[in-house]
Amino acid sequence: MPVIMNTHQQLKEYYGKLLQSSSDLKTNACACGEDAAPLPIRRIIKDIHPEIIDRFYGCGSPIPPLLDGCTVLDLGCGTGRDAYIIAKLVGKSGKVIGVDMTDEQLEVARRHIDWQTDRFGYSKPNMEFHQGYIEDLAESGIADNSVDVVISNCVINLSPDKPSVFREIFRVLKPGGELYFSDVFADRRIPVALKDDPILRGECLSGAMYIEDFRRLLREIGCADYRVVNKTAITIDNDEVRSKIGMVNFWSITVRAFKLAEMEDICEDFGQVAAYRGSIPGHPHYFDLDDHHRFFTGKRMPVCGNTASMLQNTRFSNHFIVEGDRSVHFGPFACAPATSKAASADSPLGGACC
Ligand SMILES: C[S@@+](CC[C@H](N)C(=O)[O-])C[C@H]1O[C@@H](n2cnc3c(N)ncnc32)[C@H](O)[C@@H]1O
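Along each chain, numbering runs from 1 in the same order as the chain's sequence is written. Totals for whole chains, interfaces and linings use all residues, but because this is a predicted model, local features are given only for residues with pLDDT of at least 70 and pairs of side-chain atoms are given and counted only at 80 or more. Excluding hydrogens and water, the side-chain figures rest on all heavy atoms present in the structure.

1. Overview of the layout of surface pockets
In this approach a probe as big as a water molecule rolls over the atoms, and the regions it shows empty are the leftover space. Applied cut-off: Put simply, the grid is 1 Å and covers the protein atoms alone, a cavity is a trapped set of points that fit a 1.4 Å probe, a pocket is an open set with protein on both sides within 12 Å along at least five of seven lines, and lining residues have an atom within 4 Å of a point. Grid points are joined across faces, edges and corners, and a volume is the space filled by probe spheres set on the points. Put simply, DSSP marks the helices as runs of H or I at least four residues long and the strands as runs of E at least two long, and each gets a number from the N terminus on. Under this grouping Gly is polar, as are all residues other than the nonpolar Ala, Val, Leu, Ile, Met, Phe, Trp, Tyr, Cys and Pro and the charged Asp, Glu, Lys and Arg.
Put simply, the largest pocket is a space of about 1,000 Å³. For the largest pocket, the lining is made up of 40 residues, of which P38, I63, P65, Y180 and H283 are closest to its centre. Elements with a contribution of two residues or more to the lining of the largest pocket: α2 (39-45), β7 (227-234), β8 (250-258) and β10 (286-290). Tallying contributions element by element places β7 first for the lining of the largest pocket, with 5 residues. Here the residues of the lining of the largest pocket sort into 23 nonpolar, 11 polar and 6 charged.

2. Looking at the site of the ligand
Here is the rule we go by: Near is defined per residue: the residue qualifies when any heavy atom it owns lies within 4 Å of the molecule or strand. For this analysis, a polar contact is any N or O atom pair within 3.5 Å, provided that within protein one partner can donate a hydrogen and the other can accept it, and provided that sequence-adjacent residues contribute only side-chain to side-chain pairs. The accessible surface values rely on the Shrake-Rupley method and a 1.4 Å probe; as for residues, cover is taken only from the protein chains in view. Molecules are considered to sit inside a cavity or pocket once more than half of their atoms lie within 2 Å of its grid points.
Around the ligand, 22 residues are found, and the nearest of them are Y57, G76, D100, T102 and Q105. Here an oxygen atom of the ligand and a backbone polar atom of Y57 are 2.8 Å apart. Here I134 contributes a backbone N or O atom positioned 3.1 Å from a nitrogen atom of the ligand. Coverage of the ligand by the protein chains reaches 99% of its 590 Å² of free accessible surface. Using a 2 Å cut-off from the grid points, one finds that the ligand occupies the largest cavity. Of the residues belonging to the shell around the ligand, the class tally is 11 nonpolar, 8 polar and 3 charged.

3. A few points about empty space enclosed by the protein
Per the counting criterion, the structure on display carries 1 cavity of 30 Å³ or more. One number sums up the size of the largest cavity: a volume of about 430 Å³. Lining the largest cavity are 31 residues; nearest its centre among them are G76, G78, D100, V155 and L158. Looking at the lining of the largest cavity, the elements that each hand over two or more residues are α1 (2-18), α4 (81-90) and β2 (95-100). Here the element with the most residues in the lining of the largest cavity is α1; it accounts for 3 residues. Each residue belonging to the lining of the largest cavity can be placed in one class, and the counts come to 14 nonpolar, 11 polar and 6 charged.

4. A look at the nonpolar core
Our working rule: Only buried Ala, Val, Leu, Ile, Met, Phe, Trp, Tyr and Cys residues count toward a nonpolar core, and they belong to the same one when joined by side-chain atoms within 4.5 Å. Only protein chains enter the accessibility calculation, which uses a 1.4 Å probe; a residue is then buried when its area is under 20% of its type maximum, exposed when over 50%, and partly exposed in between. Contact criterion: two residues are considered in contact whenever any of their non-hydrogen atoms come within 4.5 Å of each other.
Counting residues in each nonpolar core, the largest one holds 31 residues, and the members touching the most others are L73, V150, F166, I169 and F214. When residues of this core are traced back to their parent elements, those giving at least two are β1 (71-75), β2, β4 (147-153), α7 (162-172), β5 (173-186), α9 (211-220) and β8. If we skip the residues at most four places from it in the chain, I169 touches L75, L137, V150, I156 and L179. Counting 28 residues, the second largest nonpolar core, distinct from the first, contains I41, A83, L106 and F129.

5. Points about the side chain of Q272
For Q272, the location among the structural elements is in strand β9 (residues 272-276). Sequence-distant contacts of Q272, that is, excluding residues within four places in its chain, are made with M301, P302, V303, C304, G305, A308, Q312, E323, G324, D325 and R326.

6. Focus: the environment of F296
Residue placement: F296 occurs in strand β11 (residues 293-296). F296 gets classed as buried once you look at its relative accessible area, which sits at 10%. Distance in space between the C-alpha atoms of F296 and H285 is 6.0 Å, their sequence separation being 11 residues.

7. Examining the domain arrangement of the protein
Note the threshold: Domain borders in the structure are assigned automatically or taken from a domain database. Buried area: the accessible surface (1.4 Å probe) lost by two parts on joining, summed over both. Between Lys or Arg on one side and Asp or Glu on the other, a salt bridge is scored when a side-chain nitrogen of the former is within 4 Å of a carboxyl oxygen of the latter.
In terms of domain boundaries, the protein breaks down into domain 1 (2-258) and domain 2 (266-354). When each unit is reduced to the centre of its C-alpha atoms, the spacing between domain 1 and domain 2 is 28 Å. In this complex, domain 1 contributes 14 residues to the contact, which on the side of domain 2 involves 20 residues. The three residues of domain 1 that bury the most area against domain 2 are L66, R227 and F258, which together make up 47% of that side's buried surface. Across the contact surface, domain 1 and domain 2 share 2 salt bridges. Taken together, domain 1 and domain 2 are joined by 9 residue pairs in polar contact (both at pLDDT 80 or more). Elements with a contribution of two residues or more to the side of domain 1 that touches domain 2: β5, β7 and β8. Taken together, the residues that form the side of domain 1 that touches domain 2 break down as 9 nonpolar, 1 polar and 4 charged.

8. Thoughts on the pattern of salt bridges
Taken as a whole and assessed by the stated rule, the structure comprises 22 salt bridges. Two residues, D187 and R188, come together in a salt bridge whose shortest N-O distance is 2.9 Å. Connected via shared salt-bridge partners are E51, E107 and R111.

Right, here's the structure in full:
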């Protein structure tokens, strides 16, 4: 417990007192998310208060499509850039809840609620910001099965108790709900001697999860299949920091995972086929489930059981026709060349897999 409290205290100092804007960061790891946002999101960013933008410390763009009417929870919302983008996307009937432990960050987020509400043309706020810890969302009043989408931008790496964070996420998500987050990941476990370095932790490096440990952790809490949506190498642009931790390769990765009961740890083939209707707003021609599943509008694609479930038992279900069920099993799914983002509509590629 004291270790957790010390880490929280150190980080509150870092984000509440030491940093006043993204230009105070010592490396580009935490604030490498500025350019990651796609065009429609960048248009919304123009409507966000400059003070909020100035204190954005995210490493990706964890904003999934199809949020209209959703309840979204932003873990470690900081001054609220992503929470406000989502407030626009969920619309008047949706809701955004931001949770952060650092008072100074929340003070900025809360100060602009009325301004943002007005800017988005809403008669009342659809966003709220809670002071709390992502390891204990019950303390912040977030009930079981109450959230459609959990997002987070460059925060979970900072937690000294990641199993609790993921357990809480899957507790608060509704069945079929989605975790969609961007974070710093590493290609190995961080050397023990560097783990508690306050600068390395504050800069989102020494708490970065080794990607295989992340896979194991999700599996332990019952989520056997997650998908990578985007992956960008982080080059550390500070000589002193690089000389300390340069043996580790870091990436900013955007991950999606669903709260679904039937996820299996490898792709299994039940002969199922999925076709995209082209109906997700902003995605008329194709939809990318992840970095190797591009569903072109109207094209039938063989899918494994996990992928079928992600399309059929989530908020995406109205936008796909999924043929077949799990009544007949054909063995492991043949991971033929997957239809990746690099593929074109007329490529001869057939199946797709995890
Ligand atoms: C790198 S900043 C990212 C902030 C925000 N997501 C953004 O993109 O600007 C990390 C934020 O996470 C918060 N944070 C870190 N650990 C936390 C925890 N265990 N519980 C709640 N908030 C936490 C910090 O206070 C800080 O605001």
